[in-house]
Amino acid sequence: MAENGENHVSKHQEVGHKSLLQSDALYQYILETSVYPREPESMKELREVTAKHPWNLMTTSADEGQFLNMLLKLINAKNTMEIGVYTGYSLLATALAIPADGKILAMDINRENYEIGLPIIEKAGVSHKIDFREGHALPVLDQMVEDKKNHGTYDFIFVDADKDNYINYHKRIIELVKVGGLIGYDNTLWNGSVAAPADAPMRKYVRYYRDFVLELNKALAVDPRIEICMLPVGDGITLCRRIS
């Protein structure tokens, strides 16, 4: 929704603004010119339903959904994983991108949120690709890592969950993604707070998780097993390509 110039300025002065572009008008231009005209009807419906939810800030942005959808097609991803689902916008972007026999292991601690989007995912005809598991991801990942048959079997893994566990997720999923496969970590620019002074005004949740995001970014930058690319899409996404 377009807003007046005054709001553009005030929103961008606060650390905690979702778009990292220099103005809301520019971000709106991208959405209206490139993203919304090409957004599948099912994704549009899910985005609009999610916007009414009180925690709608947790959703993947529409431009990031478009990016993920194209990325998965470019790498011909078939076997994927998503840690942190919420109502399933990025999950739907993935399900629409992978082939009919593709699979997504999707994990989230809250099935209720997932069930908000599930009727739309079912209507889109892609729910058969999704294996949803309610609960904490770490125990599931530990079990998977124990079985060597799971090592190097995933083409793409997307992480958009509890930031204080990103490092713990990385330790495990690096074993599960194939050499040449990708891991995507969402929110790695964390509302712009990663570059802000420690005493800058921030929303409480932004300040709380900021150090965990900084820790992850430092760790990824020196991990010799991956090549990385940090992109200012949505709230920042770091792509990691496993090379060894």
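Residues numbered from 1 in each chain as written. Predicted model: local features only at pLDDT ≥ 70, side-chain atom pairs only at ≥ 80, totals over all residues. Heavy atoms only, no water.

As for the overall build of the protein chain
Worth spelling out the cut-off: Note on conventions: DSSP H or I runs of at least 4 residues are helices, E runs of at least 2 residues are strands, and numbering of each starts at the N terminus. For the radius of gyration, the atoms used are the C-alpha atoms, and the globule rule reads 2.2 Å times the number of residues raised to 0.38. Burial here depends on accessible area, computed with a 1.4 Å probe over protein chains only, as a share of the maximum for the residue type. Under 20% is buried, over 50% is exposed, and the range in between is partly exposed. In what follows, residue pairs with any heavy atoms lying within 4.5 Å of each other are defined as contacts. All accessibility values rest on the Shrake-Rupley procedure with a 1.4 Å probe; residue burial counts only the protein chains present in the view. Charge assignment in this entry is limited to Lys and Arg as positive and Asp and Glu as negative, and neither His nor the chain termini are counted. Lys charges are placed at NZ, Arg charges at CZ, Asp charges at CG and Glu charges at CD.
Looking only at helices and strands, one finds 9 helices and 7 strands in the protein chain. Against the 2.2 N^0.38 benchmark of 18 Å for 244 residues, the protein chain shows a C-alpha radius of gyration of 18 Å, consistent with a compact globule. Once the C-alpha set of the protein chain is aligned to its principal axes, its extents read approximately 55 × 40 × 30 Å. Taken over 244 residues, the protein chain has a buried fraction of 48%. Residue pairs in contact within the protein chain that sit at least 24 positions apart in sequence constitute 67% of those at least 6 positions apart. Working note: accessible area of the protein chain is about 12200 Å², and carbon and sulfur atoms make up 55% of it. Of note, the protein chain has its 27 positive side-chain charges centred 4 Å away from the centre of its 34 negative side-chain charges.

Points about the state of the cysteines
What counts, and what does not: Disulfide: a pair of cysteine sulfur atoms within 2.5 Å of each other.
A full pass over the atoms with the stated rule returns 0 disulfides. With no disulfide of its own, Cys240 has Cys229 as its nearest cysteine by sulfur position, at a separation of 9.8 Å. The buried category is assigned to Cys240, whose relative accessible area is 1%.

Examining the pairing of strand E6 (residues 226-231)
Condition: Strand pairing is defined by DSSP finding a minimum of two bridges between the two strands.
Examined bridge by bridge, E6 and strand E7 (residues 237-242) share 6 bridges and lie antiparallel to one another. Bridged to Ile226 within E7 is Arg242. Where E6 hands over to E7, the hairpin turn is made up of 5 residues, of which Gly234 adopts a positive phi near 60°.

Digging into the packing of helix H7 (residues 137-146) against helix H8 (residues 166-176)
Each packed pair of helices is defined by two parameters, the angle between the axes and the distance between the axes. Test applied: Interaxial angle, 0 to 180 degrees, is taken between N-to-C directions of lines fitted to C-alpha atoms, where a helix line uses only the stretch in contact. We call a crossing left-handed when the near helix sits turned anticlockwise from the far one by less than a right angle, and right-handed when that turn is clockwise. Charged means Asp, Glu, Lys or Arg here, nonpolar means Ala, Val, Leu, Ile, Met, Phe, Trp, Tyr, Cys or Pro, and polar covers whatever is left, Gly included.
With their axes 10 Å apart at the nearest point, H7 and H8 run at an angle of 35° to one another. Seen along the crossing, H7 lies across H8 with a hand that is left-handed. Contact with H7, carried on its side by Ala137, Leu138, Leu141, Asp142, Met144 and Val145, involves Asn168, Tyr169, Arg172, Ile173, Glu175 and Leu176 of H8 and no other residues of that element. Here the residues of the contact of H7 with H8 are counted per class, giving 8 nonpolar, 1 polar and 3 charged.

Brief notes about the sheet that holds E7
One open sheet accounts for 7 strands, arranged E3-E2-E1-E4-E5-E7-E6; its pairing is mixed. Among the strands making up the open sheet, the edge pair consists of strand E3 (130-134) and E6. The mean angle between the axes of side-by-side strands here comes to 15°, regardless of whether they run parallel or antiparallel. Across 5 bridges, the pairing between strand E4 (residues 154-159) and strand E5 (residues 177-186) is parallel.

What to know about the confidence of the model for the protein chain
Rule in force here: Per residue, pLDDT captures the predictor's confidence, and it can take any value from 0 to 100.
Overall, the prediction assigns the protein chain a mean pLDDT of 91, with 92% of residues at 70 or greater. Across residues 1-17 the pLDDT falls below 50, and counting only partners more than four positions away or on other chains, this stretch makes 28 contacts in the model.

Comments concerning helix H5 (residues 89-97)
Where burial is concerned, most of H5 is hidden: 8 out of the 9 residues are buried. Looking only at H5, the buried set comprises Tyr89, Ser90, Leu91, Leu92, Ala93, Thr94, Ala95 and Ala97.

Here we look at unusual backbone geometry
One non-glycine residue, Asn76, lies in the positive phi region at around 55°. Among the secondary structure elements, Asn76 is positioned in the loop between helix H4 (62-74) and strand E1 (79-83). Given the relative accessible area of 64%, Asn76 is considered exposed. If you check the backbone angles, Asn187 has positive phi at about 70° while not being a glycine. Looking at the secondary structure, you find Asn187 in the loop between E5 and helix H9 (204-222).

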